[in-house]
Protein chains: 2
Amino acid sequence: MLAEMPGYGPKSAQRAAFHLLSGEHARLKTLIAALTEADRRLHRCPHCNTFCESDVCDVCADEGRDRTMLCVVESVADQLALDASLAWPGLYFVLAGRLAPIDDVGPEEIGLPRFIERVAEGVAKDGLREVVVATSYTPEGDATAYYLIDALKKRWPDLRVTRLARGLPSGLEIEYTDLSTIAGAVYSRREA
Amino acid sequence: MLAEMPGYGPKSAQRAAFHLLSGEHARLKTLIAALTEADRRLHRCPHCNTFCESDVCDVCADEGRDRTMLCVVESVADQLALDASLAWPGLYFVLAGRLAPIDDVGPEEIGLPRFIERVAEGVAKDGLREVVVATSYTPEGDATAYYLIDALKKRWPDLRVTRLARGLPSGLEIEYTDLSTIAGAVYSRREA
């Protein structure tokens, strides 16, 4: 089992197992207790599908959030990164990954039906007016974005559907930036 | 002299010198001839300050370019990268680097007066309506951008002044992107 953890192979898994078993600090018991506690306390937020301990996650429960804006992401890690940037005033919806037809991961597997329900709820109850499709600019992220955008536009032609800007990241020189990124930075340029 | 070339130190310069002198292909003579030729033929375009062989560079001479749009960059390398992206339909102006007060590189040193003249010419003759400040999102690139934007807005309050979008580069996962880049990608998001 340990060998299937991200970043582990057979060797590092064996090293981790021996580390846990070399018991001066009762490491194994502590880890078992922590995992059991996590299993007992954590579940998925019924609104946005992120991990939380309360009935509804802190973001969805926050009255200060703009309920007319929804950001759809591929993973809880992406949601945390976006929220840490303090740039997004609205709510989130966390998909179960991204489309990967080669691995038989289709719209059902990533939770598209639940996402469409969530948008329908938002439109009906909260006057939802914008959905940001926040997937990465990778081949699978792009494919997922196109699929989601198409699904949204077909159902709600008047909904504003956006994507995160492709552009220059902080710290990277233009000279060393790939051409598709530069083109994105030109197309999404902003008033200074 | 070789030791002062970018990417060279004393050791690699010595290696390069011996390489040039080990003469089966008359390397040294070929290099001297190439450099002499470059010195003789290349000069700065009087309009945009890039390197060129003709009186006016190919971009400035191109009648198909939109003369109402000007993109100001830090270096010829940045200009080439931007132009290779095929995203910019207008003209360019190449500064002599970026502001670096610590190294005594101020507005005069990077050619600000010449740039202001060029913008004034554009406004008067070509109906220039937008200047994109295309500096990198590095501390010095930012400082240079703020200085240029301020200089432009003071002189031409009605000119559209923009900056390249800060955003997600192609291929990078949101999860691994720094927060200022994510925030930029949210602020510059586009209609899908």
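Anyway, here's the lowdown on the structure attached to this text.

How each quantity is defined
Residues numbered from 1 in each chain as written. Chains lettered and ligands numbered in written order. Predicted model: local features only at pLDDT ≥ 70, side-chain atom pairs only at ≥ 80, totals over all residues. Heavy atoms only, no water. Disulfide = S-S within 2.5 Å. Buried < 20%, exposed > 50% of the residue type's maximum accessible area, 1.4 Å probe, protein only. Helix = DSSP H or I, 4+ residues; strand = E, 2+ residues; numbered from the N terminus. Pairing = 2+ DSSP bridges. Contact = heavy atoms within 4.5 Å. Buried area = accessible area lost by both parts, 1.4 Å probe. Salt bridge = Lys/Arg side-chain N within 4 Å of Asp/Glu carboxyl O. Nonpolar A, V, L, I, M, F, W, Y, C, P; charged D, E, K, R; others polar.

### A word on the state of the cysteines
Counting across every chain of the model gives zero disulfides over all chains. The thiol of cysteine 60 of chain A is unpaired, and the distance to the nearest cysteine sulfur, on cysteine 57 of chain A, comes to 3.7 Å.

### Notes on the pairing of strand E5 (residues 130-134) of chain A
Residues and elements named next belong to chain A. In terms of burial, E5 is largely enclosed, as five of its five residues are buried. Burial along E5 is two-sided: Glu130, Val132 and Ala134 facing one way and Val131 and Val133 facing the other are all buried. Relative to E5, strand E3 (residues 66-73) is paired through five bridges, and the arrangement is parallel. Paired with methionine 69 across the two strands is glutamate 130, which belongs to E5.

### Considerations on the interface of chain A and chain B
Residue-level contacts link 51 residues of chain A with 51 residues of chain B. Summed over both sides, the interface of chain A with chain B buries roughly 4400 Å², with 56% coming from carbon and sulfur. For chain A, the biggest contributors to the area lost against chain B are Ile174, Arg189 and Ala192 of chain A; these three give 15% of the whole. Our enumeration of links across chain A and chain B arrives at six salt bridges. Between glutamate 173 of chain B and arginine 98 of chain A there is a salt bridge whose closest N-O contact spans 2.7 Å. At the level of elements, helix H4 (76-84), E5, helix H6 (139-155), strand E6 (160-163), helix H7 (179-187) and strand E7 (190-191) of chain A are the ones that each hand at least two residues to the side of chain A that touches chain B. The element that contributes the greatest number of residues to the side of chain A that touches chain B is H7 of chain A, accounting for eight residues. Looking at side-chain class alone, the side of chain A that touches chain B contains 26 nonpolar, 11 polar and 14 charged residues.

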